[in-house]
Amino acid sequence: VRKLKVGILGATGAVGQHLVLALEDHPWFEVSEVAASDKSAGFKYGARVNWRQAAPIPDACRNLIIKECVPELACDFVIASLSADVAKEVEYAFAQAGYPVISNSSYYRMHEAVPLVIPEINPDHIDAIPLQKSKEHFDKGYLVTNPNCTTIGLCFGLAPLDAQFGLEKVLVTTMQAISGAGYTGLHAVDIVDNIIPWISGEEAKVESEPKKILGRFDGRKISYGDFAISAQCNRVPVEDGHTICVSVALKQKPRLADLKECFRAFKGLPQEARFPTAPHNPIVVLEEDNRPQPKLDRNLGAGMTTAIGRVRACPILDYKFVILSHNLVRGAAGAALLNAELLYHKGYLRG
Ligand SMILES: NC(=O)c1ccc[n+]([C@@H]2O[C@H](COP(=O)([O-])OP(=O)(O)OC[C@H]3O[C@@H](n4cnc5c(N)ncnc54)[C@H](OP(=O)(O)O)[C@@H]3O)[C@@H](O)[C@H]2O)c1
């Protein structure tokens, strides 16, 4: 079977580079186009990109000519990692022109009939695509999104508990890595020796996206989860890996051992169907008092596994714990690629 051809929109960026690497030697897909801003268009990828990965630029991409993000690319679908303002028009134009668009950006995440998907958690929401196509009068194209980089890690801490014990209330405090702001996002002098207690738009995303992801799709409408959630988001001087402190109140009151077992036993469709980039364990529970730590634990499962540690009783709500998730892999490039694998598995991507 021939591999499907992928175009990467935003291929020179922090997320785009991880996509280029993650697609090297992929069994189902190959990169046929790289696109970025008009400033980069026309250059060879290897000559223009500010490559910041330990592994070299894959040969298949090094000599590709960077294109502009217009829907004239020779590919079967696109994975987009553009800022929200750019994504608004570019992603819609691609979907309208007949391209499946797998997006990292926030712009369409909360739109009705746009699936916001973590393949282990709500793969069935993908089946809102036919509704979206008829609503937007798309022919072959459509939009599918993955959540914000913090929301993804957080949802691995919430979804297993909601399914088994019922979520009531969630308090979240984040310590988010610098790379989450993109390459041009933060000056070193602002973040070294510092914590910034504000990330534009982040708390609203973390307080809304989990409700859509943990909501139900009944074949006609995605309804939202009914738990309460409050988030405080901070930027800290860590390069990669978002750390999230969470307290939860649950409808049923499990024992601590049952809560840990619930995390440990959690698996989803990507594991059952053995998607190429699915981690063997979506969640690893760490027992050491001083873990998870970004420096030590962010690359578990090649960056696709969520680490959960310090699971213990909370004197105000029921339980509290600490989550660590790699923001550029599980939180962005790896999330989009796993969504592409889900779409392929379910027959929504064709050559
Ligand atoms: N970083 C994370 O942890 C993370 C996690 C989850 C989601 N995301 C989301 O992913 C998206 C990309 O983030 P990033 O961190 O990779 O950003 P980034 O490093 O700033 O990269 C931005 C990319 O967009 C391109 N671009 C900029 N303006 C453009 C335009 N007008 N038209 C077409 N392309 C344009 C850039 O190309 P040039 O090189 O030519 O300027 C570059 O390839 C954002 O929506 C972000 O919120 C990021």
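Presented here is an overview of the structure given in this document. (Residues numbered from 1 in each chain as written. Predicted model: local features only at pLDDT ≥ 70, side-chain atom pairs only at ≥ 80, totals over all residues. Heavy atoms only, no water.)

## A look at the nonpolar core
And then number 1: Counting residues in hydrophobic clusters, the biggest one holds 42 residues, and the most contacted among them are Phe29, Tyr45, Phe77, Ile79, Ala340, Leu343 and Leu349.
And then number 2: Breaking this core down by element, the ones donating at least two residues are strand E1 (4-9), helix H1 (14-22), strand E2 (29-36), strand E4 (77-80), strand E6 (142-145) and helix H12 (329-345).
And then number 3: Per element, the largest residue contribution to this core is nine residues, and it comes from H12.
And then number 4: Excluding residues within four positions of it along the chain, Leu349 makes contact with Leu4, Phe29, Phe77, Pro100, Tyr142, Ala340, Leu343 and Tyr344.
And then number 5: Counting 38 residues, the second largest nonpolar core, distinct from the first, contains Val172, Val246, Cys262 and Ile308. (Core = buried A, V, L, I, M, F, W, Y, C linked by side-chain atoms within 4.5 Å. Buried < 20%, exposed > 50% of the residue type's maximum accessible area, 1.4 Å probe, protein only. Helix = DSSP H or I, 4+ residues; strand = E, 2+ residues; numbered from the N terminus. Contact = heavy atoms within 4.5 Å.)

## Quick look at the site of the ligand
And then number 1: Taken together, 26 residues sit near the ligand, with Thr12, Val15, Ser37, Ser40 and Leu82 positioned nearest.
And then number 2: One of the side-chain nitrogen or oxygen atoms of Ser40 is found 2.5 Å away from an oxygen atom of the ligand.
And then number 3: Within the side chain of Asn327, an N or O atom sits 3.1 Å from an oxygen atom of the ligand.
And then number 4: Calculation on the ligand without its partners gives an accessible area of 910 Å², and the protein chains cover 76% of this total.
And then number 5: Of all the elements in the fold, those that place two or more residues in the shell around the ligand are H1 and H12.
And then number 6: Here the residues of the shell around the ligand are counted per class, giving 11 nonpolar, 15 polar and no charged. (Near = heavy atom within 4 Å. Polar contact = N/O pair within 3.5 Å; in protein donor to acceptor, adjacent residues only side chain to side chain. Areas by Shrake-Rupley, 256 points an atom, 1.4 Å probe, with all protein chains shown as cover. Nonpolar A, V, L, I, M, F, W, Y, C, P; charged D, E, K, R; others polar.)

## Structural notes on the side chain of Arg330
And then number 1: Here Arg330 lies in helix H12.
And then number 2: Classification of Arg330 by relative accessible area gives buried; the value is 1%.
And then number 3: At 3.0 Å, the side chain of Arg330 forms a polar contact with the side chain of Glu120.
And then number 4: Once you skip the residues sitting within four places of it in the chain, Arg330 turns out to touch Ile118, Pro119, Glu120, Ile152, Phe156, Pro279, Gly303, Met304, Thr306, Ser325, Ala335 and Leu338.

## Thoughts on the packing of helix H6 (residues 149-165) against helix H8 (residues 202-213)
Describing two packed helices takes the angle between their axes plus the distance from one axis to the other.
And then number 1: Where H6 contacts H8, the two axes come as close as 9 Å, and the packing angle between them is 45°. Classified by the angle between their axes, H6 and H8 sit oblique to one another. Here the hand of the crossing between H6 and H8 comes out right-handed. Listed contacts from H8 to Cys149, Thr150, Thr151, Leu154, Cys155 and Leu158 of H6 are Glu202, Lys205, Val206, Glu209, Pro210 and Ile213.
And then number 2: Of the residues in the contact of H6 with H8, the class split is seven nonpolar, two polar and three charged. (Axes fitted to C-alpha atoms, helices over the stretch in contact; angles between N-to-C directions. Parallel < 35°, antiparallel > 145°, perpendicular 65-115°, else oblique. Left-handed = near helix turned anticlockwise from the far one by under 90°.)

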